Each structure stands twice: as C-alpha cells, then as structure tokens.
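Spelled out from the first residue to the last, the chains are:
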Amino acid sequence: MKDKFILLYNKLSDSVFRYCMFRISDRDTALDITQETFTKYWDVLAEGQNVKNDKALIFTIARNLIIDYYRKKKSVSLEALTETDDEESVEEFVLIEGNKKYDIETETEGRFLISKIIELPKSYQQIIYLRYVEGMNPDEIAKILGISINATSVKIHRGIAELKKITGY
Amino acid sequence: MKEINIQKGIEQLKKVSLTNEEKSKMLHNLSLYADVHQPIPSTHSLFSFFNISLNRKLAYVLTSIMITITLGGSAVYASEQSLPGDLLYPIKTKIAEPIKMAMATTPKEKAKVEIELADKRLSEAETLDKRGKLTPNLNKEISKKFDSHVSGFYKIKKQIEKKDSTSSIEENNKIQKDFENKMDSHAEILNRFNRDSNGLEKTIKKEVKKDRENIIPIKQLDSRNASSVDLYKRTQFQSED
C-alpha cells in the first residue's frame, strides 16, 4: 500500500501543488495544503476504503482543504453576511478568490493565459484550468467539483469558446 | 499559430511545481506519517470471513475442516461417544453437530436433526445417571441444550405447517410421531430435567396433546378434495408466535 501511495505522490504532487498555487497564490500555504492533502489521502487508504479514482479523490481533498482555508480567512463583514447561497456556491468554482493578485513566477504566455482564465465566468474557471492545464477528463472534473458529467462537458465546451474569444486566440 | 500560443501558455503554467528539495522533504514527512498511521485491519478480513453473523454455515464447515486437518479425523469421530464433562464433548456439540445441521437443507431434514439431537441429549443424561454422574450442573447443562433442540424442532415444524400441500401435512404427521416416540422412550429422564427455567416440558406435553387431537389420518386427506384440507386447517394447532 505504501508503494502505491509513493507512486501516486510522485505522479501527482506537482499537479496538486500547482492547483493549490493557482487557487491561493501563496507558496507556503500551498505547500502545507499539498502535504495535508496527501496525509488525508493516506488516512483513506489506511482505513481500507475502496477508492475508484485516486486522482479525483486527491484533488477533491485538496479542493476541500482550500475551501476550508478561505472560509477561515473570511472576515465577518457585511458583505459576507449578505452573501447568498448562490454566490457562495459559484465562488467555489472560481480559480482564485477575491481580488488576490497572482504572485507566481511564470513566463509571458503562461501569465497571460492564467489572467484570462480568471476573467472567465466564475463557474467555468476551475473547469477550464483542470481540463487544459492539468489534463483531466470530464469524469474526473465532475467528481472533483461535485457536478454532473453533462454539466462539466457543457461548461468545458462553452468555457473554451469563451477563452478563445477573450484571448483573441 | 493562435492555438500554439494557448498550448505554450499551458506548458509554461505546468512548470509551476515543487522544487526537488520541497518534494523530497514532503515525501519524507509523509513517509513518517504513514509509518505511524498504519492501516487498520479491514472488517472484511479473513478473520471476519469466519464471523458467525456473516456466514455461519460455511464458518462451521470450514472450521471443522481445519480442526479435522489439525487434530485428525479420529478426534472428531471419538467425540461422537463423548458425554457432558468429557474433553471432546465441546467438539461434538459445537462442531460435529452444527455441521450436521448445516448439511440439512430442507425443513424436514432439519427437523429430523433436531429430534436426533434432542434424543441424544436425553441418552447422554440417562448414561450419566446410570453411572451416578448426573450432577445438578450437568443436568442443567444437558437440559438447556435439550430445550434448544426442542424449540428448534417446533420452529421448523411451524415452517412445514405453513405449506399448503398434502405432502407437507404428511411430513408434519410423520415428524411429529417420530418426535413423540423419541420423547416417550426417555420419559423418566425427561421428568428429571429442571422444568422451572422455562416450563418446556409443559409446553411439549401441551403441544403433543393438541397435535394428537388434530392429526387426521392420511387416507382422509386428499389434495384434490378442498373440504378435507380445509377441515385440517381449521382444526390444526395454531402456534401463538
């Protein structure tokens, strides 16, 4: 079991870290969340739970930890109190929350692309990122985000059309 | 050209990753964590395969095979003649006899096994009594086992009674007669059993009496003659549970 765990760590740790970085834009926090993701994944394996898709599970854990991170950071403000359920649920699909600026070292095209992804409608952002940067299939994305495969496929199609429009590519 | 730019952007974004040092340090931490938090034995382990609540019959059969291989078939055979208090008696009552019951597939066969085992208990008590070794504790132990076989017998008999066919009525009659004959042959020792715990002997006598009143000779029954079958149903003893 430990061999399997190490294999998956070696295969996915960079992806998970990158996902955390693009969600939080803070290296130390991203490192912590990445480590905690794999810790929790080990716990699942140790409990003997049957895991059908390890990659989807690991990213789901990472996503949930990031949601928890943002919830803890949210200050009690009038804006937060007046947030509706709809707004909150859409926020969970954004790539990076609030007006946080990216502090990630990357080259011109990369910087440009990520800035355009976060200009997409909120419900498309994470889907497009997971599909085109992390190379995930609609089934995996659906599992991670907790939505249907149909909705995922539709959003991928619409999201890439929108991205092409705003990038001019 | 434009598509290549998106692809180039993706490739550049993918370069955002852990440094080698960060990766190996994290792996080291995770490895330590994994060593401390070892896997919990699964509830679906080999041990639980023998869990009685999951697979009683198979557990008994496989356990007996293991014991037979370990101890040799002679031990199981020798246990057949053992009496309460003997070393091999638990093998008889907890392994050999449950196997016998597990191998009985129909209610009729099961009822026969229960009668046989109830009869055995009475025979064991008689043998010990003749040898002057039927202590109050052994008397109580045998009585308890006997009670469970009798209860089992009546439960199975009720299952057979629920079947609406001539063959099941015939079966029921025969099984009942077998049971009564066996009990009659051990009347004396039956009286010696402790009846205060559950009044089982009174129950047996009551049910035997009712069954004798309600048994209709087979020749009068005809599955094609609905009125005879209805008559049987109306007079048949209805168990309270």
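All values derive from a computational prediction rather than experimental measurement.

*Asks:* What is the right way to read the overall build of chain B from this model?
*Replies:* When helices and strands are counted, chain B shows 12 helices and zero strands. The buried share of chain B, taken over its 241 residues, is 18%.

*Asks:* Quick question: what am I supposed to make of the overall build of chain A here?
*Replies:* Scanning chain A from N- to C-terminus turns up nine helices and zero strands. Taken across its 169 residues, chain A has 35% of its residues classed as buried.

*Asks:* I would appreciate a short explanation of the environment of Leu163(A) in the present structure.
*Replies:* All names here are of chain A. Mapping Leu-163 onto the fold places it in helix 9 (residues 149-167). For the pair Leu-163 and Ile-117, spaced 46 residues apart in sequence, the C-alpha separation works out to 6.9 Å. Those residues in contact with Leu-163 that lie beyond four places of it in its chain are Lys-116, Ile-117, Leu-120 and Ile-128.

*Asks:* Got a minute to help me understand the packing of helix 7 (residues 122-133) of chain A against helix 8 (residues 138-145) of chain A in this structure?
*Replies:* Between two packed helices, both the angle of their axes relative to each other and the distance between the axes serve to describe the pair. All names here are of chain A. At a minimum axis separation of 10 Å, helix 7 and helix 8 run at an interaxial angle of 140 degrees. Here helix 8 runs oblique to helix 7, going by the angle between their axes. Of the two elements, helix 7 crosses helix 8, and the hand of that crossing is right-handed. Each of Gln-126, Ile-127, Leu-130 and Arg-131 in helix 7 lies in contact with helix 8, whose residues at this interface are Ile-141, Ile-144 and Leu-145.

*Asks:* How should the nonpolar core be read in this particular structure?
*Replies:* One finds Val16(A), Cys20(A), Ile58(A), Ala62(A) and Ile128(A) to be the most contacted residues of the largest nonpolar core, which totals 43 residues. What Val16(A) contacts, discounting residues up to four positions off in sequence, is Thr34(A), Thr37(A), Ile58(A), Phe59(A) and Ala62(A). If you look at the next biggest cluster of nonpolar residues, it comprises 17 residues, including Ala111(B), Leu122(B), Ala125(B) and Ile156(B).

*Asks:* Help me out: how do you make sense of helix 9 of chain A in this one?
*Replies:* Helical geometry note: an α-helix holds 3.6 residues per turn, so side chains three or four residues apart project in the same direction. Residue and element names in this part refer to chain A. Taking 1.5 Å of rise per residue, the 19 residues of helix 9 would be expected to cover 27 Å, and the 26 Å separating its terminal C-alpha atoms lies within 8% of that figure. Restricting attention to buried positions, one finds in helix 9 the residues Thr-152, Lys-155, Gly-159 and Leu-163. Down the axis, helix 9 shows its buried residues gathered within 65 degrees of arc, on one side only. Summarising the geometry of helix 9, the exposed residues directed more than 90 degrees from the buried face are Asn-150, His-157, Ala-161 and Lys-165. Check the buried side of helix 9 and you find it contacts helix 6 (108-117), helix 7 and helix 8. Backbone geometry just downstream of helix 9 places Gly-168 in the positive-phi region, at approximately 80 degrees.

*Asks:* Sorry, what's going on with the confidence of the model for chain A here?
*Replies:* All names here are of chain A. When the pLDDT values of chain A are averaged, the result is 84; 82% of them are 70 or greater. Mean pLDDT across the secondary structure elements of chain A bottoms out at helix 5 (residues 85-91), with 47, and peaks at helix 2 (residues 27-46), with 94. Predicted confidence for residues 83-89 stays below pLDDT 50, and this span has one contact to residues more than four positions away or in other chains.

*Asks:* When you look at the interface of chain B and chain A in this model, what are you seeing that I'm missing?
*Replies:* Contacts between chain B and chain A engage 27 residues on the former and 31 residues on the latter. In terms of residue count, the dominant contributor to the side of chain B that touches chain A is helix 1 (residues 2-14) of chain B (10 residues). Here the side of chain B that touches chain A is built from residues that sort into 12 nonpolar, eight polar and seven charged.

*Asks:* Which parts of the structure should I look at to understand the confidence of the model for chain B?
*Replies:* All names here are of chain B. For chain B, the mean per-residue pLDDT works out to 71, and 57% of the residues sit at or above 70. When the elements of chain B are averaged for pLDDT, helix 12 (residues 226-235) gives the smallest value, 41, and helix 2 (residues 20-36) the largest, 93. Within the model, pLDDT remains below 50 along residues 216-241, and this stretch shows 23 contacts once partners closer than five positions in the same chain are excluded.

*Asks:* Help me out: how do you make sense of the environment of Ile189(B) in this one?
*Replies:* Residue and element names in this part refer to chain B. By the element assignment, Ile-189 lies in helix 10 (residues 187-192). Along the primary structure Ile-189 and Glu-126 are separated by 63 residues, whereas in three dimensions their C-alpha atoms are 6.3 Å apart. Residue contacts for Ile-189: discarding those within four places in its chain leaves Leu-122, Ala-125, Glu-126 and Asp-129.

*Asks:* Teacher, can you tell me more about unusual backbone geometry here?
*Replies:* For residues besides glycine, phi is generally negative; the peptide bonds are generally trans as well. Its identity as a non-glycine residue notwithstanding, Ser25(A) has a phi of 60 degrees, on the positive side. Looking at the element boundaries, Ser25(A) is found in the loop between helix 1 (2-24) and helix 2.

*Asks:* Is there a simple way to think about the packing of helix 1 of chain A against helix 2 of chain B in this case?
*Replies:* One can describe the packing of helix 1 of chain A onto helix 2 of chain B by two numbers: an axis separation of 11 Å at closest approach and a directional angle of 155 degrees. Classed by the angle they form, the pair helix 1 of chain A and helix 2 of chain B counts as roughly antiparallel. With respect to the hand of their crossing, helix 1 of chain A and helix 2 of chain B are arranged in right-handed fashion. For the pair helix 1 of chain A and helix 2 of chain B, contact is made by Lys2(A), Phe5(A), Tyr9(A) and Ser13(A) and by Lys23(B), Met26(B), Leu27(B), Leu30(B) and Ala34(B), respectively.

Conventions and cut-offs
Residues numbered from 1 in each chain as written. Chains lettered and ligands numbered in written order. Predicted model: local features only at pLDDT ≥ 70, side-chain atom pairs only at ≥ 80, totals over all residues. Helix = DSSP H or I, 4+ residues; strand = E, 2+ residues; numbered from the N terminus. Buried ≥ 20, exposed ≤ 12 C-beta atoms within 10 Å, placed from the backbone. Contact = placed C-beta atoms within 7 Å. Axes fitted to C-alpha atoms, helices over the stretch in contact; angles between N-to-C directions. Parallel < 35°, antiparallel > 145°, perpendicular 65-115°, else oblique. Left-handed = near helix turned anticlockwise from the far one by under 90°. Core = buried A, V, L, I, M, F, W, Y, C linked by C-beta atoms within 7 Å. Expected span 1.5 Å × (residues − 1). Arc of directions from axis to C-beta. pLDDT = per-residue confidence, 0-100. Nonpolar A, V, L, I, M, F, W, Y, C, P; charged D, E, K, R; others polar.

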